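Results of the structural survey
Residue-level listing of the chains:
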Amino acid sequence: MATVIAEPYRAYTPRPFTRAERDSVTILFGGLHWRAERILQAVLEQSGYRARVLPVATKEDLLAGREVADIGQCCPTSFTTGNLVNFLRGESKRIGAEEVSKRYVYLTAGSCGACRFGQYHQSYELALRNSGLDAFRMFLMAQDNLDQKAVMGDGLDFNLPITLGCLWAIFCTDLVQDLEYQVRPYEAVPGSTDAVVKESVEHLYEVFHRRPARGPWTSLAWHLATPYFTKALREVHRRFAAIEVDRLRPKPIVKITGEFYLQTVEGAPNYNIHRWLEAEGAEVYPAAVSVWMDYLLRLGLQRFEDYSGIERSARIKLGAGRVVQKLYRGLVARLRHALGDLPHEMPQQLELRRLAAPYFHSRLDGGEGDMLVGKALWAHLGKKAHMICELSPYSCMPNTMSIGAMAGVIGKYPDLLYAPLEIKGDAEVHALSRCQMILTEAKKRAQREFEETLERTRLTVDEVRAYVDAHPVMKRATYRVPHSGAVAGTGANMVMHVARAMGRAT
Amino acid sequence: MPSWFGRTRSAEPAPSRSKLRVGIPRVLNVWSTHQFWVGLFGALGVDPRNLVFSADTSEEQGRQFGKGRGTVDCCYPVKCATGHYGELIFGQREKLDVLFSPMIYTLPSFLSGHVARTLTCPRVMAAPENIKAGFLKEREVFADQGIHYATPFVSLDEPKLVPKQLFEGLREAVPGLTMEETARAVDAAYRALRDFNDRLRKKSREVLEWCAREERACLLVLARPYHMDPGIGHEIEVDLQAYGYPILWAQYFPIDDDLMQWAFGPDLAAGAIRSPFDIRDVWPSSYSSNTNEILWGAKVAARVPWIACVVRMSSYECGMDQPTYTPVQQIVERSGTLFFSFQDLDSTKPAGSVKIRVETITHYLERYAADIVARKKATMPPGCPLLSAGASAAPSETSPRSDCAGKAGARTTPERAR
């Protein structure tokens, strides 16, 4: 029982990271999928920083995270704090805690509400203190304020060229990831997709490493106009073209939604659900980071919508913001086009908002807010997927609210296959068996849809296969099978496409 | 009778304003904003007798009215709202016309302008959407019962925006509502809330002045506003008060300039903070309103000598409280103030353990309170406004009775037991 007066408690304030330290200090970061992390590393290195990606979080990290921070934190934070602490502990053993504090800084995303995510500096701090790493420097980069020299020191200068590099890195890797997940389930030679993806990401790493250095405004103009990245993606497209696929395997498409970290990472934090679903016979429709950023843009613009008619400048800002959002979507579309328009198109944010409106208010933020509800309905009604797999971290506050609202959606659309999985990190069997139950239904639905499509087009699988064999281009991973809008599955859409090509009624 | 000749109850014409019966679930941040809503509906012409708040939370309420309508497992303060909705829909002798459950996005906190933002918890703000789903998943309960469900999204810390938000959220529920009228009603509502808060802060100051004058210790409760609900906070502070210790809540702590300058003067002089309501020295990510107030309350408790003990309450699975456990405890304990925490509060009152904890707290207070007060006084600058000539001399009817207040060192008996 403390009744002795001590020095007042003060919040953690890291020692600034100075420009002079750039050559000797390595920036640690992580928390995305490996493709994005690799290219972001290239962006940082090209900008004169030493950068290192933290290893993918493991169950040991989860246990360490629970051990060193306050009880009750959400599952992603247990993983990320444990991941950082275990890495630093390992390095401390190698070079000593003092040297670790000198040689590394940790950079991660912060936020300004609504959920506690933005307050997790305290958990990191506690974890570092409890690990004897009080002097270690950790910086939270606010998503709404990139210029944070005052807090971080002049060593971390997140200027416009770096920001643009990071944005383009996310765009490109989102598109590659999307294409990869469309191809791998149908590859004729197992492992061929992984090999191409690995090569492609390394190619992009080199491309981003060679990105020309420019001043802020010339850099902006260059990024908007240059064919540099589209050329790189065309090369990726060329490499994918070498993969042979058999799309006549009916597989359910499973759309991944949920909390940002869990839907993005690929590894123990989400029970490696992407790969597990594929192994169970599904085609995964991954969650793109660029869609999340589009949502953040929409949230920002909604404030101007609200203030329209109240503040004079709100309408002008809203108009300007809409132009920026269009530009953003246009840039992604341009890069997508370089990949033969094969990756999924970004959903329209206003469409998602409209779909979610009866169930979840668009101004409620924190997590994915109404987008989570909107995406589920968009995928279901637009025949984009057979099933929604929502990854909800244990103890995630905003996510539980969206899931609760989904009860109303399911009441209205009982045929929507929805698998909300609470991810605790150490209850894999429970979560996967729950997912398996819905997936079984999705598989049946995909099979039924495939057979009905054959029936409707009066074709047999052998006839379709013979047609594809006669047109080898259709076996390429880069052959574009149009989405008919009537069926969701890749196999069913292939049948429809062949039927049209053969002049059959669809 | 063929149903197509009948009218559904929801199609009945809305009653006039004075007869309009409006039900408000007594949940979550309604605990700190109820006077705003009372003021608003009063200004809109709704008869105060027709403004119906649901009862305090109880397990019985949940069993009787909320069973089977839960949609998600989360903290009890949010979960229990289902029972409140059910009580207002099914448990009224006279039918309600409107069930009003605002989605409060920001709060009009006294820390506003000194902190980053004043957002509410993401679960709390979204609770009306979540609870609603439980009443819609099988059938349209509100329409079946002829009740209009009004759930405006409202940013109470942005007064310019509020009339627009409430007009949009209420125009279908309140007959003949206009934007101008809503704006006037919103002004009246803010006044009502301000007056109420001022009254409570004045009373808290009287208690503090009495403690200062009489050299008595008091306790400060750090909790979310809805822990005032006997079904959520389980009246732990009432059990403590029964031992004669005055209880203050951080939300209604006096914020008079003289007291603030005295309490935070050294920190201001040292440049650690920019104003007495600035909490950047302990909590840089100050965007969550109730969290901010808890952190600020911990700072106040560390500085005001007569607060000898802090009682922290937190509900099971409260995500917003979780990152604050260590800082709050550290802020309080480093000042030498006693700190006791009741975490993981849920639906059932753990009466036995609460009793033991309360006895432990009072034991420590008896033993250490005088010393704590003396040592804290020694660290503070002279000229405490609570002891100045201007401080009220005689305790008002709301001040603690001198014969039962917990004087440090003297064994006190719970009032209830007398």
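Residues numbered from 1 in each chain as written. Chains lettered and ligands numbered in written order. Predicted model: local features only at pLDDT ≥ 70, side-chain atom pairs only at ≥ 80, totals over all residues. Heavy atoms only, no water.

What about the environment of C74 of chain A?
Residues and elements named next belong to chain A. Short version of the rule: We count a stretch as a helix when DSSP gives it H or I for four or more residues in a row; a strand needs E for two or more, and each element gets its number in order from the N terminus. For each residue, the accessible area found with a 1.4 Å probe, counting protein chains only, is set against the maximum for its type, and the residue is called buried under 20%, exposed over 50%, and partly exposed in between. By definition in these notes, contact holds between two residues if any of their heavy atoms fall within 4.5 Å.
Assignment of secondary structure puts C74 in the loop between α2 (59-68) and α3 (75-95). Since its relative accessible area comes to 10%, C74 is described here as buried. Spatially, the C-alpha atoms of C74 and H223 are 38 Å apart, while their sequence positions differ by 149 residues. In this structure, C74 is in contact with R116, Y120, Y394, S395 and C396, ignoring residues within four places of it in sequence.

A look at the pairing of strand β10 (residues 338-345) of chain B
If a strand is regular, its side chains alternate between the two faces of the sheet. Note the following rule: Here is how to tell: hold the view so the strands point away, follow the path from the first strand over the helix to the second, and if it runs clockwise the crossover is right-handed.
Burial analysis of β10 of chain B places six of its eight residues in the buried class, which makes it a mostly covered element. At this point the chain moves from strand β9 (residues 307-315) of chain B, through helix α13 (residues 325-333) of chain B, to the parallel β10 of chain B, and the crossover so formed is right-handed.

Re the sheet that holds strand β5 (residues 148-150) of chain B
Whenever strands of a sheet pair, they do so through backbone hydrogen bonds, lying parallel or antiparallel. Residues and elements named next belong to chain B. Counted only if it meets this: If DSSP finds at least two bridges between two strands, the strands pair. Interaxial angles span 0 to 180 degrees and are taken between N-to-C directions of axes, which are lines fitted to C-alpha atoms, for helices over the stretch in contact.
Taken in spatial order, the four strands line up as β2-β1-β3-β5 in an open sheet, and their pairing is parallel. Strands at the two margins of the open sheet, each flanked by one partner only, are β2 (51-53) and β5. For this sheet, the mean inter-axis angle between neighbouring strands, taken without regard to orientation, is 25°. Against the sheet, helix α1 (residues 30-43) touches β1 (22-24), β2 and β3 (98-100), its axis set at about 170° to β2.

Quick look at helix α1 (residues 34-46) of chain A
Count 3.6 residues to each turn of an α-helix, and residues three or four apart come out pointing the same way. Residue and element names in this part refer to chain A. Operational definition: Expected span of a helix, by definition, is 1.5 Å for each gap between consecutive residues, and there is one gap fewer than residues.
Across its 13 residues, α1 extends 18 Å between first and last C-alpha, which sits within 8% of the 18 Å expected from 1.5 Å per residue. Buried within α1 are the following residues: R35, A36, E37, I39, L40, Q41, A42, V43, L44 and Q46. Lining the buried residues of α1 we find β1 (26-29), β2 (50-53), α7 (160-183) and α8 (192-209). Backbone geometry just downstream of α1 places G48 in the positive-phi region, at approximately 95°.

What about the interface of chain B and chain A?
For clarity, the threshold we go by: By definition, the buried area sums, over both parts, the 1.4 Å-probe accessible area that each loses when the two are put together. Salt bridges are defined as contacts in which a side-chain nitrogen from Lys or Arg sits within 4 Å of a carboxyl oxygen from Asp or Glu. Think of it as three bins: nonpolar holds Ala, Val, Leu, Ile, Met, Phe, Trp, Tyr, Cys and Pro, charged holds Asp, Glu, Lys and Arg, and polar takes everything else, Gly as well.
On the chain A side, the residues contacting the 63 residues of chain B number 55 residues. Contact between chain B and chain A buries roughly 4,900 Å² in total, counting both sides, with carbon and sulfur atoms accounting for 60%. Run the count over chain B and chain A and you get four salt bridges. Between E311 of chain A and K160 of chain B there is a salt bridge, with the nearest N and O atoms lying 2.9 Å from each other. For the side of chain B that touches chain A, the secondary structure elements donating two or more residues are β4 (103-106), α5 (122-136), α12 (289-303), α13, β10 and α14 (351-379) of chain B. Top contributing element to the side of chain B that touches chain A by residue count: α5 of chain B, with nine residues. In terms of residue class, the side of chain B that touches chain A is built from 31 nonpolar, 14 polar and 18 charged.

What about the environment of V72 of chain B?
Turning to its location among the elements, V72 of chain B is positioned in the loop between α2 (59-66) and α3 (76-79). In this structure V72 of chain B comes out as buried when scored by relative accessible area, which is 19%. Discounting chain neighbours no more than four positions away, the residues touching V72 of chain B are T400, M401 and G404 of chain A together with K79 and N130 of chain B.

Concerning the domain arrangement of chain B
Residue and element names in this part refer to chain B. Quick reminder of the rule: Domain borders in the structure are assigned automatically or taken from a domain database. Whenever two N or O atoms come within 3.5 Å, that pair is a polar contact, provided that in protein one can donate a hydrogen and the other can accept it, and provided that, for residues adjacent in sequence, both atoms are side-chain atoms.
What the domain assignment reports for chain B is domain 1 (3-194) and domain 2 (201-417). Each side of the interface is counted separately: domain 1 has 29 residues, and domain 2 has 31 residues. Here domain 1 packs against domain 2, burying approximately 2,500 Å² in sum over the two surfaces, 61% of which is carbon and sulfur. Close ionic contact of E317 with R123 constitutes a salt bridge, the shortest N to O distance being 3.2 Å. Linking domain 1 with domain 2 are eleven residue pairs in polar contact (both at pLDDT 80 or more), by the criterion used here. Broken down by secondary-structure element, the contributors of at least two residues to the side of domain 1 that touches domain 2 are α1, α3 and α5. Considering every element that reaches the side of domain 1 that touches domain 2, the biggest residue donor is α5, with three residues. Partitioning the side of domain 1 that touches domain 2 into residue classes produces 16 nonpolar, seven polar and six charged.

Thoughts on the sheet that holds strand β7 (residues 387-393) of chain A
Residue and element names in this part refer to chain A. What the four strands build is an open sheet, ordered β6-β5-β7-β8; its pairing is parallel. Lying at the two open borders of the sheet, with one neighbouring strand each, are β6 (283-285) and β8 (418-423). The sheet shows a mean angle of 25° between the axes of neighbouring strands, direction not considered. This element, helix α17 (residues 397-412), spans β5 (253-258), β7 and β8 of the sheet and lies at about 150° to β7.

With respect to the pattern of salt bridges
Evaluation of the coordinates by the stated rule reveals 59 salt bridges over all chains. In this structure, E181 of chain B engages R17 of chain B in a salt bridge whose closest nitrogen and oxygen atoms are separated by 2.6 Å. Here R17 of chain B lies in the segment before β1 and E181 of chain B lies in helix α8 (residues 179-214), a separation of 164 residues in the sequence. Judged by relative accessible area, E181 of chain B falls into the buried class, the value being 16%. Put simply, D321 of chain B and R312 of chain B hold a salt bridge, and the shortest N to O gap is 2.9 Å. For D321 of chain B, a relative accessible area of 0% gives the class buried. A residue is classified by how much of its surface remains accessible, and R312 of chain B, at 1% relative accessible area, is buried. Here the salt bridges do not stand alone but share partners, grouping R35, E180, R184, D194, E266, R275 and E278 of chain A into one network.

Topic: the pairing of β5 of chain A
Residues and elements named next belong to chain A. β5 sits mainly inside the fold: six of its six residues count as buried. Pairing of β5 with β7, which is carried by five bridges, proceeds in the parallel orientation. By the bridge assignment for β7, V254 is matched with M387.

Let's talk about the packing of aromatic side chains
Residue and element names in this part refer to chain A. Let me state the cut-off plainly: Side-chain rings of Phe, Tyr and Trp, where Trp is taken by its six-membered ring, are said to pair if the distance between their centres is within 6.5 Å; with planes under 30 degrees apart they count as stacked, over 60 as edge-to-face, and otherwise as tilted.
Using the criterion set out here, one finds 29 aromatic pairs over all chains in the structure. Residues W222 and F229 carry aromatic rings whose centres are separated by 5.6 Å and whose planes lie at 70° to one another, so their mutual orientation is edge-to-face. Across the pair, exposure class does not vary: W222 and F229 are buried alike. Cluster of aromatic residues (ring-pair linked, three or more members): W168, F171, F208, W222, Y228, F229 and Y328.

Things to note about the confidence of the model for chain B
All names here are of chain B. What counts here: pLDDT runs from 0 to 100 and stands for how confident the predictor is about each residue.
In this model, chain B carries an average pLDDT of 89, and 89% of its residues clear a pLDDT of 70 or more. Confidence over residues 1-8 falls short of pLDDT 50; this stretch has one contact with residues more than four positions distant or in other chains. Counting interchain partners and residues more than four positions distant, the pLDDT-below-50 stretch residues 393-418 has 54 contacts.

Observations regarding the packing of α8 of chain A against helix α10 (residues 228-240) of chain A
Residue and element names in this part refer to chain A. Applied cut-off: What sets the label is the angle itself: under 35 degrees gives roughly parallel, over 145 gives roughly antiparallel, 65 to 115 gives roughly perpendicular, and the rest give oblique. By convention the crossing between two helices is left-handed if the near helix lies anticlockwise of the far one by an angle smaller than a right angle, and right-handed if it lies clockwise.
At a minimum axis distance of 9 Å, the contact between α8 and α10 shows a crossing angle of 160°. In terms of orientation, α8 and α10 fall into the roughly antiparallel class. As for how α8 packs across α10, the hand of that crossing is right-handed. Residues T193, V196, V197, E199, S200, H203, L204, V207 and F208 of α8 lie in contact with α10, whose contacting residues are Y228, F229, A232, L233, E235, V236, R239 and F240. The residue inventory of the contact of α8 with α10, partitioned by class, reads eleven nonpolar, three polar and three charged.

Here we look at the side chain of T118 of chain B
Residue and element names in this part refer to chain B. For T118, the location among the structural elements is in the loop between β4 and α5. Here the side chain of T118 touches D157 through a polar contact of 2.6 Å, side chain to side chain. Setting aside residues up to four positions removed in sequence, T118 forms contacts with Y105, T106, L107, S109, S112, D157, Y287 and S289.

Digging into the domain arrangement of chain A
Residue and element names in this part refer to chain A. Its domain assignment divides chain A into domain 1 (54-146) and domain 2 (248-288 + 344-506). Centre-to-centre separation of domain 1 and domain 2, based on C-alpha positions: 34 Å. Taken together, the contact between domain 1 and domain 2 spans 16 residues of the former and 20 residues of the latter. Carbon and sulfur atoms supply 64% of the area that domain 1 and domain 2 bury against each other, a total of about 1,300 Å² over both sides.

As for unusual backbone geometry
All names here are of chain B. The phi angle at E215 is positive, at roughly 60°, despite the residue not being glycine. The residue E215 is located in the loop between α8 and β7 (218-222) in this model. We classify E215 as partly exposed; its relative accessible area is 38%. The phi torsion at D344 lies on the positive side, around 60°, for a residue other than glycine. Of note, D344 is situated in strand β10.

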